[in-house]
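Chain residues, written in single-letter form:
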Amino acid sequence: MSLRTILIIAHKELRDALRNRWFVFYTVAFSVLAMAMAYLSLAGSGMQGLAGFGRTTAGLVNLVILLVPLMGLSIAAPSLSGEQEQGTLAYLLAQPITRFEALFGKYLGLSTSLTAALAIGFGICGLGIAANGDTAGVGVYLTLVVMTFALGLAMLSVGILISTLTRKASPAIGMAIVVWLCLTLFSDLGLMGSALAFKLRIQDLFGLALINPLQVFKMSVLHSMNASLDVLGPAGIYATQAYGRWLSALFIGSILGWIILPLVLASLTFSRKSVS
Amino acid sequence: MRCRPSIWIWGAFIAIVGVVDLCASRVDAGSFNLQEAVDTAGPGDRISVPAGAYPGPLLINQSVELIAEPGTIIQGDGKGDVVQIHAPDVTLRGFIIRSTGKSLDRENAGITVLAPRVTIEDNVFEDVLFGVYLKKAHDSVIRNNRIGGKDLPVARRGDGIRLWYSPNSVVENNTVSNSRDVVIWFSNNTTIRDNTVTHGRYGLHFMYCDDTVLIGNHLEDNSVGAFLMYSRRLVLEDNRFIRNHGPSGYGVGLKEVDGVEAEDNLFAGNRVGIYFDNSPASVDMVQHFTRNVVAYNDIGLAFMPSIERNVFTDNNLIDNVEQVGVLGSGQLKNNQFVVDGRGNYWSDYTGFDLNGDGIGDISYKAQSLFENLMDREPKLRLFLFSPVQQAVELAAKAVPTFRPPVKITDEAPLMQPVPIFIETGSEPPVWPTATASLVLLLSASGLLMCGMTGTLARPSAAAGPTPMTEQPHSNPSKRTSEPILMAGRITKRFGRLTAVKDFDLDLRPGEAIALWGPNGAGKTTAMRCMLGLIRCRGTVTINGFDVRKRPKHAKRCVGYVPQELAFYDDWRAKELLGFFAKIKRVGRDRVSAVLDEVGLAEHASKRVGELSGGMKQRLALAAALLADPPILMLDELTANLDAAARDSFLGLLCRQRDLGKAILFTSHRLREIEALADGVLVMACGEVVSTCEPRKLAEALGLKSSLRLWIDPDRLNEAVQQLRTEGYDADRNGQTVRVKVRPDEKGKPLEALSAAGIAVRDFEVDSNDSKSATGCSEHGGAQ
């Protein structure tokens, strides 16, 4: 596997992303929504000097949970399948590159473009808030940024896996939207229902929540804001007391798993896939 | 050896300092006996205690005033109390009091006071289980003390300050940290003012303390800020209850208290800002909460369902995760949120103020299905800040039956927060945030610049085609006997359909082999198998490299032109070739060279989507030729070309063949095969059914061309009859006659009709009927 070839493919993906509308749309949408969220978070609370990034972060968590998975999945899912549908993938793979190089190159390029879009959004939002004089919790804010990047990478991995499982862009996007709905809504609804219906134990509830990368993202950011998860009630208190200082490592491990595992599965699937 | 003098110097210095320190301590302690001085003093005497360390425990049985010089220590022995005061009207000022015992049962304290009117001020308590303990010591004062508890788990610590049956006392301006509680029990008319209590269990714990005043206290980072119980007429002013986040985590908990008057307090970042449990307890009591800030708590105001007679006005409720919580089933009533037409500020109020009087025109209602669920099942708080929370709220708004009861209603919500001055300490600087944001923006810009300029992987301009050191046939001589491409028994099945079966091929340098067959014969599939695009059984070796095990090396020897030309349409032609040049590791100068070679130099700056089919075909060939590979694979090589372009393209390929390249191509056109191929593999239904020379292909397969003839409509039937008489397979097809002939005898039907006096106005040659020639079906094996 050649790093140079991966970089060439990554650069192509990055350049394609810059030419595509999605990059501009997502960047603008994320920046505007982040600014709006920050403004609303600060609007009624500036006088106490207790607000700032801590509260803004709480508002941004919701935005990130909804938007970033959608961005990652919808960008990555049609990346390989779309090219396969157009025939360009077969032509690309007929060149002297390996499938791993093609896959990782695409992933790297998509990661770079998504990260850049998010960084622009967070950068503009951060400057706006700093100009407003609200400063508390820059560490929390940076944690949010880094964890958002990680969540984006995880969703790209899942999207790439979807892409290797489909042959056309439309089914890939459809599957991506289903996955997005499952991650953002259905899994939590199911878990809520199970918690009520089956009287799930707190530790089981927390363990099941750890499976969902969006919950992991949320909990990790809240944990960095409050140094505990007490705000999340008994399950949060249990997590804080049971895992203590290992809680951060648990979250990072879970997110890393969501980045690496789908990518490995995608590699295996793609290496066995017939491309025509 | 060099360092030895410096070691001696340092050693001597440390020894001298130690000796001096030890001597000073011994001299002071030896020259003044504190216990004796107290015992021999008369009532009301003032004793100045020189600096030094005095052993505890110290018993004070005289009404004296003990004033310590700075640095005066009363050192306990780690057992029992350090100081016990048995006489009234004692003052103890300026001491450092250390090392009590650890017995919770015996309540070991830094100072235990057992008499009234005692003043404990300006002392520092270190390593004490209890700090100051007033037992039945009414009218006492505890002021300006700094109390630090023992390094023990909270449950094993004592109380920093404890008042027990000590009414009319004042506790002010003390700092207590790392103790258990500050306990005020059975002590009416106490004033608690300007104290700071941090990192304990209960910042303040009240029981049975009527007419008590709390002013200006800071209760931060405790498990509970203040828990006020079983007391009447309490005044809370200007206190800060911040980040009290233990399991219950109340800023202030009110349990069965009556007559609380709370003004200008801050309740921020607690689990619960203010907790109401049966408060007020008496039916004739009303409590007032005015101009307080309740902000950023998990729950702003938490009520047990039976709570009544609390009045809230001009408070700011800001960004509490849950502004109002009702813990348990039941509904709040008889609490008042409006006084004299003014309600409270609610940060989540979404109403409007048309008349501009600062009061919202519609009521604020605390009503949330998710909050109701959380109040009933606290474990559902895990789903806070999740989209499912919004989904539940949306469902409640959309479906009336889901809509929960209103928890509280504020008929006159304020549009702006009440301007309450609360000092919150110095704010951190702005620059870290601004710097971090700028770094983010610059990083993103850098990445995007890389994307625009291609600095991620720029090819060397001077680089030529990659030397194929591992490739024995990189410069093949024509017609060598060693095959450069070998395929052995390639078999590919798609479900039950066998697309390619036992396909064998040897292709030598300078040799051109055509795959010929009808649609579905397996030509393209076989070619894609050889390129490793499709997984298959069998072996493929290109230039000595197994295409599965070393695909990169193998494909580096192949230039591929696909049947369906799929390029990135928004790229310019030279950009596209530049991209493939980078992949193939050839210099940019090759891009110009191959564009020139295929006649596309003047179209280099056009976007691929703007090129005609023929130009795209040439572009594909240019891409294939970039690295000057020894093998060319072309699938339907002239599919998109007109006749002139086809000739030109064939000429190009013939030159490449003559230069020594091995060419494998598929085609439907007999003429192309005759012009380019040295041999033909005839495929049908996935199998090679025969091999032959190109010139004999038509004859070998019994191929026939179909001629379409335009004849005078009156003589169509006559023409058909005449042709049949001559032995041709002819029939009428609308206003034309269709006749099948051998490919090399297409003129003969025209001659026959002419001889019969039937004029042919026009004719057209249809493609070869390869299907009939190979005699196969599309779904079965060879027949």
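Counting of residues starts from 1 at the beginning of each chain's written sequence and follows it residue by residue. Each chain takes a letter, starting from A, and each ligand takes a number, starting from 1, following the order in which they are written. Under the rules for a predicted model, residues below a pLDDT of 70 receive no local features and side-chain atom pairs below 80 are neither given nor counted, while totals for whole chains, interfaces and linings still include all residues.

Draft legend 1. How the structure looks around the overall build of chain A. When helices and strands are counted, chain A shows eleven helices and zero strands. Helix and strand definitions here come from DSSP, where helices need a minimum of 4 consecutive H or I residues and strands a minimum of 2 consecutive E residues; each element is numbered from the N-terminal end. Along the chain direction, N to C, the helices and strands of chain A fall in the order α-α-α-α-α-α-α-α-α-α-α. Within these notes, the globule rule equals 2.2 Å times the number of residues to the 0.38 power, and the radius of gyration is based on C-alpha atoms. Here chain A has a C-alpha radius of gyration of 20 Å; the compact-globule value for 276 residues is 19 Å, and the two agree. Think of it as a crowd count around each C-beta: if 20 or more other C-beta atoms lie within 10 Å the residue is buried, if 12 or fewer it is exposed, and in between it is partly exposed, with C-beta placed from the backbone throughout. Burial analysis of chain A (276 residues in total) assigns 60% to the buried set. Sequence-distant contacts in chain A: of pairs separated by 6 or more residues, those separated by 24 or more amount to 83%. For the purpose of contact definition, each residue receives a C-beta atom placed from its backbone, and two residues are in contact when these atoms lie within 7 Å.

Draft legend 2. Quick peek at helix H7 (residues 169-197) of chain A. Residue and element names in this part refer to chain A. Expected helix span is taken as 1.5 Å per residue step, with the number of steps being one fewer than the number of residues. An ideal rise of 1.5 Å per residue puts 42 Å on 29 residues; H7 measures up with 39 Å between its terminal C-alpha atoms. At Cys182, H7 shows its largest kink, close to 50 degrees. Those residues of H7 lying buried are Ala172, Ile173, Met175, Ala176, Trp180, Leu183, Thr184, Asp188, Leu191, Met192 and Ala195. Working definition for bend: take the seven residues up to and ending at a residue and the seven starting at it, fit an axis to each, and measure the angle between the axes.

Draft legend 3. The interface of chain B and chain A, seen in detail. Across the contact, 72 residues belong to chain B and 76 residues belong to chain A. It is helix H5 (residues 431-453) of chain B that contributes the most residues to the side of chain B that touches chain A, 14 residues altogether. Residues are grouped as follows: Ala, Val, Leu, Ile, Met, Phe, Trp, Tyr, Cys and Pro are nonpolar; Asp, Glu, Lys and Arg are charged; every other residue, Gly included, is polar. When the residues that make up the side of chain B that touches chain A are grouped by side-chain class, the tally is 46 nonpolar, ten polar and 16 charged.

Draft legend 4. Broad picture of the sheet that holds strand S18 (residues 181-185) of chain B. Residues and elements named next belong to chain B. Note on pairing: two strands pair once DSSP finds at least 2 bridges between them. A sheet is described by the order of its strands in space; here twelve strands give the open sequence S3-S6-S9-S12-S15-S18-S21-S24-S27-S30-S33-S36, paired in parallel fashion. Either end of the sheet is taken by a strand with one partner, and the two such strands are strand S3 (58-60) and strand S36 (322-326). Between one strand and the next, the sheet's axes are offset by a mean angle of 10 degrees, whatever the strand orientation. As defined by bridge partners, S3 adjoins strand S6 (residues 83-85) across three bridges and the pair is classed as parallel. Its bridge partner being in S6, Leu59 is matched across the sheet by Gln84. Note on method: axes are straight lines fitted to C-alpha atoms, helices fitted across the in-contact stretch only, with angles between N-to-C directions ranging 0 to 180 degrees.

Draft legend 5. Quick look at unusual backbone geometry. The peptide bond linking Gly56(B) to Pro57(B) adopts the cis configuration, its omega dihedral lying at -5 degrees. Among the structural elements, Pro57(B) can be located in the loop between strand S2 (53-55) and S3. In the Ramachandran plot, Lys199(A) falls in the positive-phi region, its phi being about 50 degrees despite a non-glycine side chain. Inspection of the secondary structure assignment puts Lys199(A) in the loop between H7 and helix H8 (202-209). Classification of Lys199(A) by C-beta neighbours within 10 Å gives exposed; the count is 10. Notably, Arg489(B) is not glycine yet its phi reads approximately 50 degrees, a positive angle. Here Arg489(B) lies in strand S40 (residues 485-494). Look at Arg489(B) and you get partly exposed, because 13 C-beta atoms sit within 10 Å.

Draft legend 6. How the structure looks around the nonpolar core. Residues and elements named next belong to chain B. Each nonpolar core reported here comprises buried Ala, Val, Leu, Ile, Met, Phe, Trp, Tyr and Cys residues connected via C-beta atoms within 7 Å. In this structure, Leu577 and Ala622 are the most contacted members of the largest nonpolar core, which totals 194 residues. Each domain's extent was defined by an automatic or database domain assignment. The residues that make up this core include at least three from each of domain 1 (72-410) and domain 2 (485-699). Those residues in contact with Ala622, other than ones at most four positions away along the chain, are Leu577, Val594, Leu595, Glu597, Val598 and Leu600. Residues Ile142, Leu163, Phe206 and Val294 belong to the second largest nonpolar core, which totals 94 residues.

Draft legend 7. Expanded view of the packing of H7(A) against helix H4 (residues 387-398) of chain B. Remark: H7(A) packs on H4(B), axes separated minimally by 8 Å, with the N-to-C direction vectors making an angle of 75 degrees. Relative to H4(B), the element H7(A) lies roughly perpendicular. Judged by residue contacts, Thr184(A), Leu185(A), Asp188(A), Leu189(A) and Met192(A) of H7(A) engage Pro387(B), Val388(B) and Ala391(B) from H4(B). Within the contact of H7(A) with H4(B), the residues separate by chemical class into six nonpolar, one polar and one charged. When describing relative orientation, an angle under 35 degrees is termed roughly parallel and one over 145 degrees roughly antiparallel, while 65 to 115 degrees is termed roughly perpendicular and anything else oblique.

Draft legend 8. Representation of the sheet that holds strand S43 (residues 537-542) of chain B. Strand order in the open sheet formed by four strands is S41-S40-S43-S44 (chain B), with antiparallel pairing between adjacent strands. Edge strands, defined here as strands with exactly one partner in the open sheet, are strand S41 (497-507) and strand S44 (545-546) of chain B.

Draft legend 9. Seen up close, helix H10 (residues 233-243) of chain A. All names here are of chain A. Here H10 has its buried residues at Gly233, Ala235, Gly236, Ile237 and Ala239. Where H10 is buried, its residues contact H8 and helix H11 (247-271). Once H10 finishes, Gly244 follows within two positions and takes phi at roughly 50 degrees, a positive value.

Draft legend 10. Up close: the pairing of S43(B). All names here are of chain B. The pairing of S40 with S43 spans five bridges and is classified as antiparallel. Residue pairing across strands places Met486 opposite Thr541, the latter belonging to S43. Sheet topology note: the S43/S44 ladder contains two bridges and is antiparallel. In the strand pairing of S44, Thr541 is matched with Asp546. If you look at the hairpin formed by S43 and S44, you'll find two residues sitting between the two strands, and Asn543 has a positive phi there, around 55 degrees.

Draft legend 11. Structural context of the environment of Thr184(A). The residue Thr184(A) is located in helix H7 in this model. On a C-alpha basis, the gap between Thr184(A) and Leu70(A) in space is 9.5 Å, while along the polypeptide they are 114 residues apart. Apart from residues no more than four positions distant in its own chain, Thr184(A) is found in contact with Ile65(A), Leu66(A), Pro69(A), Leu214(A) and Pro387(B).

Draft legend 12. Local environment of the confidence of the model for chain A. Confidence scores per residue from the predictor, reported as pLDDT, run from 0 to 100. Confidence in the prediction for chain A averages 86 pLDDT; 91% of positions are at 70 or higher. For residues 44-53 of chain A, every residue scores under 50 in pLDDT, and the model assigns this stretch 38 contacts once sequence neighbours within four places are set aside.

Draft legend 13. Layout of the pairing of strand S30 (residues 272-277) of chain B. Residues and elements named next belong to chain B. Of all six residues making up S30, five are buried, and the element is well covered by its neighbours. Note: S30 against strand S33 (residues 299-303), four bridges, orientation parallel. Considered in S33, the bridge of Ile274 is made with Leu301.

Draft legend 14. Highlighting the environment of Val38(B). Residues and elements named next belong to chain B. Relative to the elements of secondary structure, Val38 occurs in helix H2 (residues 34-40). For the pair Val38 and Val64, spaced 26 residues apart in sequence, the C-alpha separation works out to 7.4 Å. Setting aside chain neighbours within four positions, we find Val38 in contact with Ile47, Ile60, Gln62 and Val64.

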